[in-house]
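Understanding the architecture of this molecule
This is what each chain is made of:
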Amino acid sequence: MSPVFAAAGDTPAGLNATIAQIDAGHFKQAEAAIGQALAQPGLSAQARQDWLFQRERMRRILLDFTLDADAVKARVRKQMPDLSDADFARWDAAGLFEHQTIDGRTLYFKRSPGNLFRLSAEARGRRTDKTPLTDGPMESLNDYHRQVRAAALTAHATHVLPHRVRMTQTLTVDANAVPAGETVRAWIPYPQELPGQQDDIRYVTSVPAKHDIAPASAPMRTVYLEQPAKAGEKTVFSVTYEVSLSAQYREIDPDQVTATRITPELAPYVAERAPHVVFTDDLRKFSKDVVGEEKNPYRIVQKLFAAVDRIPWAGAREYSTISNISDYTLHAGHGDCGQQTLLLIALLRLNGIPARWQSGMVFAENGYDNIHDWGQVYLAPYGWVPMDVTTGQLHPAAPADAPLQWFYLGGLDAWRIAFNRDFGQPFTPPKQQFRSDNVDSQRGEVEWKGGNLYFDQWDYHFQWQLLPDARGRAGGA
């Protein structure tokens, strides 16, 4: 069985203490506890997996935290030659270089040198290369956002401007990662059926041809493939499909929004869900400081959205290495899309406002693509509406664009494909070995009978084209 994370009530005795030891960097102590736990007679298969995963988590942490202080300075000086030791010490003390002290040795996150320029305006200003740091094309207000709003208001519709896309996702396993003749098993993400948002999904082809598409009911949808490894050759899997994608826009009137009656269907979306959505004391304090005395549900959502939006984006360590992602993001001073989204979901649920997950990938006509996470929030009487806190608030310069500030709270562009409508859920068919990402599913997963293949043993790639729609025009035109 591939563990996601055990619910708090199902955690084997002593495991939480070992998780805390790992989080504190006491790996030798944790390893000793894991060894003792595994030696217990009568240990259940699930408990054994839970303990073994903590050993694997330590291994993964050490793959993310690979730099010492001198290596960080050397990498920063490639972009900022005048970095002094005093600069480094000052920024390090401010938490701008993510690090852990592991068994007495301070190790820095391998992406922390580049993240510095995301987190510090001073550091950005001292870069020798003045080229702006690039973001996705939808993170700045543009004509597309204006067109979506105009189309929605004109048509009195919430889903507009559809375009059809043919997408191929390829997963390539390194040569000799699996012994020749052994079966390599792969799961490649596949679109969710989301009426109005993404429709008319059609499988086109795959490599190999034999495939198993997870049912539409699967919260994390994939295509399952397998083939034998060949000596000295890469093992390549791919899936091609077509899907029609529509943009969304809603003109939300705060005065019309009322408190949601929590039905049995909505109850899971206001509940805690350990380990990543937990109403900690720090989360409660942060929420109280942000929300204040506000009672209007939409205004509460706006305040929390804006507060999380202020947390700067930075390259993230692997989710499977983090014991509580929403708490981590609250304290880290930065977060990527999934980390920000889980924090916002936790805050909304804490305030009795239903919130849930979506994730997949984003792309653009200019060749841009990336994996991405966002979510949905339930606002009565509007129902479930999108929220993308990482794309965040847009920043209108002209008064006519003022309504577009909150485009991504109630609206969504059509340059994305959702593979998942929940986080931390099993695959169909289930993965037998540990997941490389036990929270999200965007890049894919690979295993063989000898174990999981982690992200350092394979790569993934997206390729797409816009197709003519039924009227013969290019999609999105």
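Residues numbered from 1 in each chain as written. Predicted model: local features only at pLDDT ≥ 70, side-chain atom pairs only at ≥ 80, totals over all residues. Heavy atoms only, no water.

**Side note on the packing of aromatic side chains**
The tally for this structure, following the rule as stated, stands at 18 aromatic pairs. Each ring, one from F53 and one from F434, has its centre 5.4 Å from the other, and the planes form 65°; the classification is edge-to-face. With F53 in helix 3 (residues 45–64) and F434 in the loop between strand 13 (416–420) and strand 14 (445–448), the pair connects residues that are 381 residues apart, well separated along the chain. For the pair shown, F53 and F434 are each scored as buried. (Phe/Tyr/Trp six-rings, centres within 6.5 Å; stacked < 30°, edge-to-face > 60°. Helix = DSSP H or I, 4+ residues; strand = E, 2+ residues; numbered from the N terminus. Buried < 20%, exposed > 50% of the residue type's maximum accessible area, 1.4 Å probe, protein only.)

**Describing unusual backbone geometry**
Glycine aside, residues mostly have negative phi angles, and peptide bonds mostly take the trans form. Going from V207 to P208, the amide bond is cis rather than trans, its omega being 0°. By the secondary structure assignment, P208 is in the loop between strand 6 (198–207) and strand 7 (212–213). In this model, L161 sits at a positive phi of 50°, which is unusual for a non-glycine residue. Relative to the elements of secondary structure, L161 occurs in strand 4 (residues 159–173). With relative accessibility at 34%, the residue L161 sits in the partly exposed group. Positive phi is not limited to glycine here, since D200 has a value of about 50°. For D200, the location among the structural elements is in strand 6. Residue class for D200 comes out exposed when judged on its relative accessible area of 58%.

**A closer look at the nonpolar core**
If you look at the biggest cluster of nonpolar residues, it comprises 48 residues, and the most contacted ones within it are M167, V173, F237, Y241, F363 and I417. Sorting elements by how many residues they give to this core places strand 9 (residues 235–248) first, with six residues. Discounting chain neighbours no more than four positions away, the residues touching Y241 are V165, R166, M167, P189, Y190, P191, R202, Y203, V204, I417 and F419. The next biggest cluster of nonpolar side chains, apart from the first, holds 42 residues, and it includes V290, A307, L379 and F423. (Core = buried A, V, L, I, M, F, W, Y, C linked by side-chain atoms within 4.5 Å. Contact = heavy atoms within 4.5 Å.)

**With respect to the environment of R126**
Mapped onto the secondary structure, R126 falls in the loop between helix 7 (121–125) and helix 8 (143–155). Judged by its relative accessible area of 21%, R126 falls in the partly exposed class. Residues R126 and P81, 45 residues apart in the sequence, show an inter-C-alpha distance of 8.8 Å. In contact with R126, not counting residues within four places along its chain, are Q79, M80, D82, L83, D87, R90 and W91.

**Quick look at the sheet that holds strand 12 (residues 383–387)**
Within a sheet, adjacent strands bond to each other through the backbone by hydrogen bonds, running parallel or antiparallel. In space, the four strands of this open sheet follow the order 12-11-10-13, with antiparallel pairing throughout. Both edges of this open sheet fall to strand 12 and strand 13, since each of them pairs with a single strand only. The average undirected angle you get between the axes of adjacent strands in this sheet is 35°. Judged from the four bridges that link them, strand 10 (residues 355–363) and strand 13 form a sheet pairing that is antiparallel. Bridge pairing links M361 to I417 in strand 13. Sitting on the sheet, helix 12 (residues 337–350) touches strand 10, strand 11 (369–379) and strand 12, and the angle it makes with strand 10 is about 160°. (Pairing = 2+ DSSP bridges. Axes fitted to C-alpha atoms, helices over the stretch in contact; angles between N-to-C directions.)

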